[in-house]
Amino acid sequence: MAKSGDPTYFGAHLADIAAPPRTAEEATPVAIIGGGLAGMTLALALRQHGIGARIFDARPRGAARHDPRALALSHGSQQTFAWLGLWPQIAAAATPIVSIHVSQRGGFGRTRITAAEQDVPALGQVVAAGHIAAVLDTALAAAGIEYHEHTRIDCVNMDADTGRVWLRDDRGDARDSARLVIYAEGAVDAAHADAATQTRTRDYGQHALVCEARTSTPHHGTAYERFTAQGPLALLPCGAADNFSVVYTCSPDEARRLLSLDDAAFLAALQAHFGLGQRLRFVAATPRHVFPLGLRYRRSPIGPRRVWLGNAAQTLHPVAGQGFNLALRDIRDLARVLTGSPDPGARATLQRYANTRRIDRAGTIGFTDGIVRLFSNDLPLLREGRGLALLALDLLPPLRGLVARRMMYGTRDG
Ligand SMILES: Cc1cc2nc3c(=O)[nH]c(=O)nc-3n(C[C@H](O)[C@H](O)[C@H](O)COP(=O)(O)OP(=O)(O)OC[C@H]3O[C@@H](n4cnc5c(N)ncnc54)[C@H](O)[C@@H]3O)c2cc1C
């Protein structure tokens, strides 16, 4: 057992602690490509474990503050932000979801999942993605973490002899060398050298139209998930007592048509889509944005001295609000696995990370894909099946509990 006079006391060699890092690369062994939500959170998580990282982003710094989406953060994600010391700032602009109303248009069956029944204060917290980005950006600046804006990284080469990875920007200039490169570029790169063997895609033929909409009555913390033949329509309570964040999934052509409507015509279309007989009345809407949807993921999130993270590892349909929540669980485990490793890019270390994440990652991808495929069509047999599934959920509290825990914690902790 090591004693205080022993150089390995506290599990680290004192000579290593005392000697300042010899090169910038030793002080900052990790390079992160992409300073969106995932890249910024990872840099802070690594910092929490004493691992230096720098970020390179193609866009001007602060661009992520204008992200128009609202994200439903799970209970596990709140805990991660609390661990980073950022939950109070994020919570200041969060709206708790106290119940979720699930139904299908044109079919029977509906259910309601409530926080009270699950014995939690909230099923999730809705926060504007731009607000989360602002909190992360401010924290990065306070921590003095390097953020290189206007820097698109186009080329990553590995020097097998030295174990270094070199990053070049789109002008061909060398920008950095590191022991480990994290791809957090926000998309699965179909042009990557190993894309043919690594990448899996499914086109749902759907786009998501996103905006905020006000209703004539308060939401009381209720979220709505309404399945339609075109895709799910999600309404998340967000901000003011009568304000919802809307995710309206539909065909690409329909999304283009909805974008071109004036506000009054759009509100009428939203009302008709949600259901004229429903109790919500939409009275105003903010400008609309469209996101193409699909499932794209890498079979493995690791490669030689490389890790793919966030949407660069898996881009999911937003139906169950899982994308960023899964990224946060990846980030927490990655930071934990890299801690104490003398070489953060070592093959065994990265393999340990991939093994740790396998079940949660595969489960979350499969869960999301399954919901989209089961609920986004108008086949009579499936409509009946969906109705029965919703009925079963409504009648069986343990089943509701299972679904609620999956949404709140992911596979691992569920
Ligand atoms: C409509 C919608 C609703 C959603 N709702 C939820 C939800 O409720 N809950 C949830 O958990 N998730 C949700 N998601 C998913 C969530 O938005 C994403 O998982 C998350 O935003 C991904 O963050 P990211 O950092 O991986 O990517 P991004 O935020 O896209 O960041 C990528 C960054 O990389 C930079 N970049 C790209 N290429 C390069 C390059 N070559 N060099 C340098 N920089 C580069 C870009 O400039 C960008 O800043 C939703 C998604 C959609 C579409």
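Values in this document were obtained by computation on a predicted structure and should not be read as measured data.

**Here we look at the overall build of the protein chain**
Then comes step 1: Per the secondary structure count, the protein chain includes 14 helices and 23 strands.
Then comes step 2: A burial count over the protein chain gives 51% of its 414 residues as buried.
Then comes step 3: With the model as given, the accessible surface of the protein chain reaches about 18500 Å², and the carbon-plus-sulfur share is 56%.

**Some words on the packing of aromatic side chains**
Then comes step 1: Going through the model one piece at a time under the given rule, you end up with five aromatic pairs.
Then comes step 2: When the ring of Phe81 is compared with that of Phe324, the centres are 6.3 Å apart and the planes differ by 35°; the resulting orientation is tilted. Taken together, the residues Phe81 in helix α4 (residues 75-83) and Phe324 in helix α11 (residues 323-338) connect sequence positions 243 residues apart. Just as Phe81 is buried, Phe324 falls in that class too.
Then comes step 3: Pairing Tyr224 with Phe274 gives two aromatic rings, centres 5.7 Å apart and planes at 90°, and the pair type is edge-to-face. Of this pair, Tyr224 sits in strand β15 (residues 222-228) while Phe274 sits in helix α10 (residues 263-274), and the two are 50 residues apart along the sequence.
Then comes step 4: Since its relative accessible area comes to 10%, Tyr224 is described here as buried.
Then comes step 5: Among the residues examined, Phe274 registers a relative accessible area of 2% and is labelled buried.
Then comes step 6: Through successive ring pairs, a cluster of aromatic residues spans Tyr224, Phe244, Phe274 and Phe282.
Then comes step 7: Lying across the ring of Trp308, Arg298 places its NZ or CZ 3.5 Å from the centre.

**Here we look at α11**
Then comes step 1: In this model, α11 (16 residues) spans 22 Å end to end at C-alpha, consistent with the 22 Å of a helix rising 1.5 Å per residue.
Then comes step 2: For α11, the tally of buried residues reaches 13 of 16 residues, placing the bulk of the element in the interior.
Then comes step 3: One or two residues past the end of α11 sits Gly340, with phi positive at roughly 85°.

**Remarks on the pattern of salt bridges**
Then comes step 1: Counting across every chain of the model gives 22 salt bridges.
Then comes step 2: Between Arg54 and Asp176 there is a salt bridge, with its nearest N and O atoms 2.7 Å apart. Separated by 122 residues along the polypeptide, Arg54 in strand β2 (residues 53-56) and Asp176 in strand β11 (residues 174-178) bring together distant segments of the chain.
Then comes step 3: The exposure class of Asp176 is buried, given its relative accessible area of 9%.
Then comes step 4: Residues Asp333 and Arg336 are paired through a salt bridge, measuring 3.0 Å at the closest nitrogen-oxygen approach. Taken together, the residues span about one helical turn, with Asp333 and Arg336 both in helix α11 at a distance of three residues.
Then comes step 5: On the basis of relative accessible area, Asp333 is assigned to the buried category, the value being 2%.
Then comes step 6: Through salt bridges with shared partners, one network takes in Arg329, Asp330, Asp333, Arg336, Arg357 and Asp360.

Here is what the cut-offs are and how they apply
- Residues numbered from 1 in each chain as written.
- Predicted model: local features only at pLDDT ≥ 70, side-chain atom pairs only at ≥ 80, totals over all residues.
- Heavy atoms only, no water.
- Helix = DSSP H or I, 4+ residues; strand = E, 2+ residues; numbered from the N terminus.
- Buried < 20%, exposed > 50% of the residue type's maximum accessible area, 1.4 Å probe, protein only.
- Areas by Shrake-Rupley, 256 points an atom, 1.4 Å probe, with all protein chains shown as cover.
- Phe/Tyr/Trp six-rings, centres within 6.5 Å; stacked < 30°, edge-to-face > 60°.
- Lys NZ or Arg CZ within 6 Å of the ring centre and 35° of its normal.
- Expected span 1.5 Å × (residues − 1).
- Salt bridge = Lys/Arg side-chain N within 4 Å of Asp/Glu carboxyl O.

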